[in-house]
Amino acid sequence: MTSLDPQHYLTPRHDWTPADAEAVHDLPLSELIFLAAGVHRARFTPGEIEKAQLLSIKTGGCPEDCGYCSQSAQHESGVKASKLMAVDAVRAAARQAKQNGAQRFCMGAAWRDLKDRDVEKVCDLISAVKDEGLETCVTLGMLKDGQAERLKDAGLDFYNHNLDTSREFYGEVIRTRTYQDRLDTLDRVRKAGVSVCCGGILGLGEEKSDRIGLLVELSHISPHPESVPVNRLAPIAGTPLSGAPAVDDLDFVRAIATARIMMPASVVRLSAGRESMSEVMQAMCFLAGANSIFIGEKLLTAPNAGDADAALMSALGAEAAPARKPAHV
Ligand code: SAM
Ligand code: DTB
Ligand code: SF4
């Protein structure tokens, strides 16, 4: 019998089975959201939403074949490849992000993996962003032993590396790197003492069981990722998945609520795809326990909600503040 008492879920668990997760996911929607909201308020200050700003520091020309991505050299998305940005331009973008209310600055590079020759350059970018008084995050593809330690020494707080979908569906989306490759990189990040940002994408053409499978895999990472981005596919013309059926709004809300319940201490980010969501749908996601967003006009290459967020935050009466955990847990 699935408990409807939030207390039952407050201690992070790593033994979730697909059946346990499905039982939560399939609760009547009002029970599911009420439960998720209970877990959320027990572990965080409700109404506080963390704000992160993305910047693509090296765009396009990526050798990987991720079926959703505008930056793969294997797809005709029209995104032009560019070189790694210079420190001054990144510093200026970080300063602007801070003025716009961001607490974290996330830099993404369209690389399969981090090459040793680029490590020092990326370290300089991390140090510059840190100097501006922001939390730092990078997403640079796969890491080798020793690299995460060097990034940490430069001031890195978070490393983003997503599992994207379930283990079973993964091969339909990406063929150039394995699920295990991703888990190995996440392990290196953790061992270096860098916080883990790891989530996935809904709307790739997956089944409900794949959405549940993704959440189960994330919950088996120990400790749970500190940050769990849940993206809705931003469909990009020219990519193999541009025509994938959109995930139903309420199914998306169910996934957010299930993530909140299964990973009670993690910050759950309502990530890509918000510009295609109504205010009401986003409000349901926050009620269901999402407590972080990307701000600004642009994600990496795709548009983001931008100016619409001021109205959204005001309509929600939400605080532009870090998603803080209460002291008693
Ligand atoms: N190249 C690095 C990597 O893949 O690890 C970092 C950048 S990559 C763009 C980071 C993540 O963004 C992907 O793992 C995926 O989950 C998400 N993403 C990329 N394109 C997306 C899209 N069109 N819609 C939603 N999420 C997307
Ligand atoms: C994540 O999970 N979502 C962000 C961030 N991590 C790097 C990226 C979203 C990318 C959306 C598509 C684009 O801008 O190209
Ligand atoms: Fe490359 Fe990352 Fe895009 Fe995959 S998601 S094609 S690794 S930039």
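See the structure printed just above.
Rules of the game
- Per chain, residue numbering runs from 1 following the sequence as it is written.
- Chain letters start at A and ligand numbers start at 1, both assigned in the order the entries are written.
- Selection of residues for local features in this predicted model requires a pLDDT of at least 70, selection of side-chain atom pairs for listing and counting requires 80 or more, and totals for whole chains, interfaces and linings are taken over all residues.
- By convention in this description, side-chain values take in all heavy atoms of the structure and omit both hydrogens and water.
- Whenever a pair of cysteine sulfur atoms sits within 2.5 Å, that pair is classed as a disulfide.
- We call a residue near a given molecule or strand whenever any one of its heavy atoms falls within 4 Å of it.
- Counted as a polar contact is a pair of N or O atoms within 3.5 Å, where, for protein atoms, one must be capable of donating a hydrogen and the other of accepting one, and residues adjacent in sequence contribute only when both atoms are in side chains.
- Per-residue accessibility takes into account occlusion by the displayed protein chains alone, with areas from the Shrake-Rupley method and a 1.4 Å probe.
- Gly is put with the polar residues, along with every residue not named as nonpolar or charged; the nonpolar set is Ala, Val, Leu, Ile, Met, Phe, Trp, Tyr, Cys and Pro, and the charged set is Asp, Glu, Lys and Arg.
- The way it works is that DSSP assigns letters per residue, a run of H or I at least four long becomes a helix, a run of E at least two long becomes a strand, and they are numbered from the N terminus.
- For this analysis, residues touch if any pair of their heavy atoms sits within 4.5 Å.
- Three labels apply to residues, based on accessible area from a 1.4 Å probe with only protein chains included: buried if under 20% of the type maximum, exposed if over 50%, partly exposed otherwise in between.
- For two strands to be treated as a pair, DSSP must find no fewer than two bridges joining them.
- The handedness of a crossover follows from its direction of travel: if, with the strands pointing away from the viewer, the path from the first strand over the helix to the second runs clockwise, the crossover is right-handed.

Caption draft 1: Representation of the state of the cysteines in the model. Summed over the entire model, instances satisfying the criterion amount to zero disulfides. Counting only cysteine sulfurs, cysteine 137 is the nearest neighbor of cysteine 197, a cysteine outside any disulfide, at a range of 5.1 Å.

Caption draft 2: Here's a closer look at the site of ligand 2. With respect to spatial proximity, the complete set of residues near ligand 2 consists of Leu54, Ser70, Thr139, Asn160, Asn162, Pro229, Asn231, Phe294, Leu299, Leu300, Thr301 and Ala302. Within the side chain of asparagine 160, one N or O atom sits 3.3 Å away from a nitrogen atom of ligand 2. Note that an oxygen atom of ligand 2 is positioned 2.8 Å from one of the side-chain N or O atoms of asparagine 162. Relative to its free-state accessible area of 410 Å², ligand 2 is covered by the protein chains to the extent of 86%. Residues belonging to the shell around ligand 2 are distributed by class as follows: six nonpolar, six polar and no charged.

Caption draft 3: Geometry of the site of ligand 3. Taken together, Cys62, Glu64, Cys66, Tyr68, Cys69, Ser72, Ala110, Trp111 and Arg177 make up the full set of residues adjacent to ligand 3. Its residues assigned to classes, the shell around ligand 3 comprises six nonpolar, one polar and two charged.

Caption draft 4: Focus on the environment of serine 82. When you line up the elements, serine 82 lands in the loop between strand 1 (48–58) and helix 3 (87–99). For the pair formed by serine 82 and valine 268, sequence separation is 186 residues and the distance between their alpha carbons is 31 Å. Residues contacting serine 82, with those up to four places away along its chain left out, are Lys58 and Thr59.

Caption draft 5: Region of interest: the pairing of strand 7 (residues 227–232). Counted residue by residue, strand 7 has six buried out of six residues, so it is predominantly covered. The two faces of strand 7 match: Ser227, Pro229 and Asn231 on one face and Val228, Val230 and Arg232 on the other face are all buried. Note that strand 6 (residues 200–202) and strand 7 share three bridges and pair parallel. Looking at the pairing, isoleucine 201 lines up with asparagine 231 of strand 7. Taken together, the four bridges between strand 7 and strand 8 (residues 267–270) define a ladder with parallel strand orientation. The partner of valine 230 across the bridge, within strand 8, is leucine 270. This β-α-β element, strand 7 to helix 8 (residues 249–262) to strand 8, shows right-handed connectivity.

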